[in-house]
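Examination of the molecular architecture
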Amino acid sequence: MSFEKTSGWLDWYAGPSRPKFTLPAGSVDAHCHVFGPGDEFPFAPERKYTPCDASKAQLFALRDHLGFARNVIVQATCHGADNRAMADACRSSNGRARGVATVRRSVTDRELEALHADGVRGVRFNFVKRLVDFTPKDELLEIAARVGQLGWHVVVYFEAVDLPELWDFFTALPTTVVVDHMGRPSVDQPLDGAEFQLFLKFMREHGNVWSKVSCPERLSLAGPPALNGEQSAYRDVVPFARAVVEAFPDRVLWGTDWPHPNLKNHMPDDGLLVDFIPHIATTADLQRKLLVDNPMRLYWPEEFWQ
Ligand code: 0GY
């Protein structure tokens, strides 16, 4: 089956630079995706965009190029609740990839067990309206209770403006809750403004809530270094991510977000994204927690606690 990429979509960055920052041994890219290839793993009929292909082999090549040891592959909305591409990538990784799936209420226990065997350790609930159709909260709570029994967690993706409305639902979840991209703060608002302070309060008051301090390229208004001279890339995101890393060093994760769905103006060089890390995790101790200890504890606990 042939698919036509959504108009304006940028392909992922070919030939990324080699990072200047040396990742700690055993680092995990804890947020990335595979797309298709569409011929092998067709995109979902209900998708809101059609991506370019981004295969498991290309993801693993990027992992090795950047210096990561492992990946957490998050189901992208263009595949809906058809987890085959993600699960296949996990199975092909020699244990070096875990997955986060999207499932519907109709998923059987057998299917969940098969996903677990493939390496899946979480489900993703997406509240970003441009990406998905609405799913009733009672369905999501039912799924959370079921996957909680397998020891899985729930990944949530939402826009900062929606946190007040989602607060009661999130705090009712019986599992660890991992927030994508710090709940997408508006980085033109002050760090001590109401929006970001609410997010910090959410994490402070709920010890089961973790955050990915990822996607500066999505959140930044300042842009990459080409747009701002010698300054660090995406410098306007640094204070936000750094605040989360320093307040909750044991509950943060980092990921490239490769192949960067839905970017139309600027496609990041993944090597430069890695060079962003020491700006937000400024000591070797914070870097080890962010990149190794925390993701290992969540996704490979059997190895971490050995
Ligand atoms: C991300 C962000 C986006 C898309 C998806 O599954 C997806 O389609 O997550 C986005 O468009 O902001 O984390 O990959």
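Structure first, text after, so check above.
As a starting point, this report considers the structure included with it. (Residues numbered from 1 in each chain as written. Predicted model: local features only at pLDDT ≥ 70, side-chain atom pairs only at ≥ 80, totals over all residues. Heavy atoms only, no water.)

**Looking at helix α4 (residues 137-148)**
- Along its twelve residues, α4 runs 16 Å from first to last C-alpha, staying within 8% of the 16 Å computed at 1.5 Å per residue.
- Taken together, the buried residues of α4 touch α3 (109-118), β4 (120-126), β5 (153-157) and α5 (163-172). (Helix = DSSP H or I, 4+ residues; strand = E, 2+ residues; numbered from the N terminus. Expected span 1.5 Å × (residues − 1). Contact = heavy atoms within 4.5 Å.)

**Considerations on the packing of helix α9 (residues 238-247) against helix α10 (residues 270-280)**
- In the contact formed by α9 and α10, the axes pass within 9 Å of each other and the chain directions differ by 60°. With respect to their mutual orientation, α9 and α10 come out oblique. The element α9 and its partner α10 pack so that their crossing is right-handed. On α10, the residues that touch V238, A241, R242 and V245 of α9 are F276, H279 and I280.
- For the contact of α9 with α10, a count of residues per class yields five nonpolar, one polar and one charged. (Axes fitted to C-alpha atoms, helices over the stretch in contact; angles between N-to-C directions. Parallel < 35°, antiparallel > 145°, perpendicular 65-115°, else oblique. Left-handed = near helix turned anticlockwise from the far one by under 90°. Nonpolar A, V, L, I, M, F, W, Y, C, P; charged D, E, K, R; others polar.)

**Concerning the side chain of N83**
- For N83, the location among the structural elements is in the loop between β2 (70-74) and α2 (84-91).
- Within the structure, N83 has its side chain in polar contact with the backbone oxygen of A81 (distance 3.3 Å).
- When residues no more than four places from it in sequence are discounted, the contact partners of N83 are Q75, A101, T102, V103 and L115. (Polar contact = N/O pair within 3.5 Å; in protein donor to acceptor, adjacent residues only side chain to side chain.)

**Considering the packing of aromatic side chains**
- Considering all chains together, one arrives at 18 aromatic pairs under this definition.
- On the numbers, 5.4 Å between centres and 25° between planes, the contact of W9 with Y49 is stacked. Highlighted residues: W9 in the segment before β1 (28-32) and Y49 in the loop between β1 and α1 (56-66), separated in sequence by 40 residues. For the pair W9 and Y49, one class covers both residues: buried. (Phe/Tyr/Trp six-rings, centres within 6.5 Å; stacked < 30°, edge-to-face > 60°. Buried < 20%, exposed > 50% of the residue type's maximum accessible area, 1.4 Å probe, protein only.)

**As for the site of the ligand**
- Neighbouring the ligand are 15 residues, the closest being H33, Y49, T77, Y157 and H181.
- Between the ligand and R124 there is a distance of 2.8 Å, counted from an oxygen atom to a side-chain nitrogen or oxygen.
- With respect to the ligand, the side chain of R130 contributes an N or O atom lying 2.8 Å from an oxygen atom.
- Contact with the protein chains covers 100% of the free accessible surface of the ligand, which is 340 Å².
- When the residues that make up the shell around the ligand are grouped by side-chain class, the tally is five nonpolar, five polar and five charged. (Near = heavy atom within 4 Å. Areas by Shrake-Rupley, 256 points an atom, 1.4 Å probe, with all protein chains shown as cover.)

**Focus on the nonpolar core**
- Judged by nonpolar contacts, the single largest core of 98 residues is most densely connected at F125, V156, F170, V213, V244 and W254.
- If one sorts the elements of this core by residue count, helix α11 (residues 284-299) sits on top with seven residues.
- Those residues in contact with F170 that lie beyond four places of it in its chain are F127, V156, F158, L163, V177 and F202. (Core = buried A, V, L, I, M, F, W, Y, C linked by side-chain atoms within 4.5 Å.)

**Things to note about the sheet that holds strand β7 (residues 209-212)**
- Strands sit in the order β1-β2-β3-β4-β5-β6-β7-β8 across an open sheet of eight strands; the sheet is parallel. Bordering the open sheet on either side are β1 and β8 (252-253), each of which pairs with just one other strand.
- In the packing of α1 onto the sheet, contacts are made with β1 and β2, and the angle to β2 comes to roughly 140°.
- Along the sheet, helix α6 (residues 194-205) contacts β6 (177-179) and β7; its crossing angle with β7, the most-contacted strand, is approximately 135°. (Pairing = 2+ DSSP bridges.)

**Some thoughts on the packing of α4 against α5**
- Two elements in contact, α4 and α5, have axes whose closest approach is 10 Å; the angle formed by their N-to-C orientations is 25°. Comparing the axis directions of α4 and α5 gives the class roughly parallel. In this structure, α4 meets α5 at a crossing whose hand is right-handed. Residues K137, L140 and L141 of α4 form the contact with α5, whose own contacting residues are E165, L166, F169 and A172.
- Each residue belonging to the contact of α4 with α5 can be placed in one class, and the counts come to five nonpolar, no polar and two charged.

**Section: the pairing of β7**
- The side-chain alternation of β7 yields two buried faces, one formed by V209 and S211 and the other by W210 and K212.
- When β6 meets β7, the two strands line up parallel, connected through three bridges. Across the sheet, residue V177 finds its bridge partner in β7, namely V209.
- Note that the unit made of β6, α6 and β7 has a crossover that is right-handed.
- With two bridges connecting them, β7 and β8 associate as parallel partners. Looking at the pairing, S211 lines up with V252 of β8. (Right-handed = clockwise from strand over helix to strand, strands pointing away.)

Keep in mind these values describe shape, not function.
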